[in-house]
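Listed here are the chains, written in short residue letters.
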Amino acid sequence: MIKLRSKRLFKRSSNSKQNNPGYTNSTGTSPGTGTGEIEWEVRPGGMLVQKRDNSKGVGEIVTVKVSTGSAWYDISIGATCTFGELKVVLSLATGLEPKEQRLLFKGKERENEDHLHMVGVREGDKVLLLEDPALKERKLRAMEGPYKTAIRV
């Protein structure tokens, strides 16, 4: 028979002890000094969660390589932006309207509402930009217009 020791996952702390300026934990350091002490926060819904480190993730900028088939664009955009926002930035670089663009990442077409970080876009990843073929055909028909020149000799 094997006996397993239970590990303490959470350190107990009391707010009254932490507010006391003379309080130190079992290691002899003040709480919140970054030496293994876990900081907690209460979210608006009342859930108690581990406090985030604001130095990473929230304002992170990623550079994405976008290929149009004939050209490459290096686009820097926020990691938490959506593919729709990426299309707006690409419209400035390529001249294609956002509704004319189709973005593929990891072999799948992504919707405008999909967030880059949720899909797994990281620094230096490649995204393929295709022009929507239905809109391309409509453009060609519109360019012909109602005036067709017919020269017969």
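That block above? That's the structure.
A few points on the structure. (Residues numbered from 1 in each chain as written. Predicted model: local features only at pLDDT ≥ 70, side-chain atom pairs only at ≥ 80, totals over all residues. Heavy atoms only, no water.)

### Considerations on the overall build of the protein
- Secondary structure summary: the protein contains four helices and seven strands in total.
- Moving toward the C terminus, one meets the helices and strands of the protein in the order α-β-β-β-β-α-β-β-α-β-α.
- Within the protein, buried positions represent 20% of all 153 residues.
- Relative to all contacts within the protein whose residues are 6 or more apart in sequence, the contacts with residues 24 or more apart total 47%.
- Accessible surface, the protein: about 12400 Å² in total, of which carbon and sulfur atoms supply 52%. (Helix = DSSP H or I, 4+ residues; strand = E, 2+ residues; numbered from the N terminus. Buried < 20%, exposed > 50% of the residue type's maximum accessible area, 1.4 Å probe, protein only. Contact = heavy atoms within 4.5 Å. Areas by Shrake-Rupley, 256 points an atom, 1.4 Å probe, with all protein chains shown as cover.)

### Section: helix α2 (residues 83–94)
- If you check α2, its first and last C-alpha atoms are 16 Å apart, about what 12 residues at 1.5 Å a residue would give, namely 16 Å.
- Within the span of α2, buried status applies to Phe83, Gly84, Leu86, Lys87, Leu90 and Ser91. Down the axis, α2 shows its buried residues gathered within 150° of arc, on one side only.
- Close packing links the buried residues of α2 with β3 (61–67), β4 (72–78), β5 (101–105), α3 (116–119) and β7 (126–131).
- At the exit of α2 stands Gly95, carrying a positive phi of roughly 90°. (Expected span 1.5 Å × (residues − 1). Arc of directions from axis to C-beta.)

### Section: the pattern of salt bridges
- Under the defined criterion, the tally for this structure stands at two salt bridges.
- In this structure, Arg43 and Glu41 form a salt bridge, with 3.5 Å as the shortest nitrogen-oxygen distance.
- Given a relative accessible area of 29%, Arg43 falls into the partly exposed group.
- The partner of Glu109 in a salt bridge is Arg102, with the nearest N and O atoms 3.4 Å apart.
- On the basis of relative accessibility, which here comes to 41%, the residue Glu109 falls in the partly exposed class.
- Taking relative accessible area as the criterion, Arg102 reaches 24% and is therefore assigned partly exposed. (Salt bridge = Lys/Arg side-chain N within 4 Å of Asp/Glu carboxyl O.)

### Some words on the sheet that holds β7
- With respect to topology, five strands assemble into an open sheet ordered β4-β3-β7-β5-β6, the strand pairing being mixed. With one partner strand each, in any of the chains shown, β4 and β6 (108–109) form the two edges of the open sheet.
- Looking at chain direction, β3 and β7 are connected through three bridges and run parallel. Following the sheet pairing, Lys65 is matched in β7 by Lys126.
- Along the sheet, α2 contacts β3, β4, β5 and β7; its crossing angle with β5, the most-contacted strand, is approximately 120°. (Pairing = 2+ DSSP bridges. Axes fitted to C-alpha atoms, helices over the stretch in contact; angles between N-to-C directions.)

### Let's talk about the pairing of β3
- Bridge count for β3 against β4 is seven bridges, and the pairing is antiparallel. Looking at β4, one finds that Val62 is bridged to Ile77.
- Connecting the antiparallel pair β3 and β4 is a turn made up of four residues, with Gly69 showing a positive phi of about 100°.

### A few points about unusual backbone geometry
- Despite not being glycine, Lys106 has its phi angle at roughly 55°, a positive value.
- The residue Lys106 is located in the loop between β5 and β6 in this model.
- According to the relative accessible area criterion, Lys106 is exposed, its value standing at 61%.

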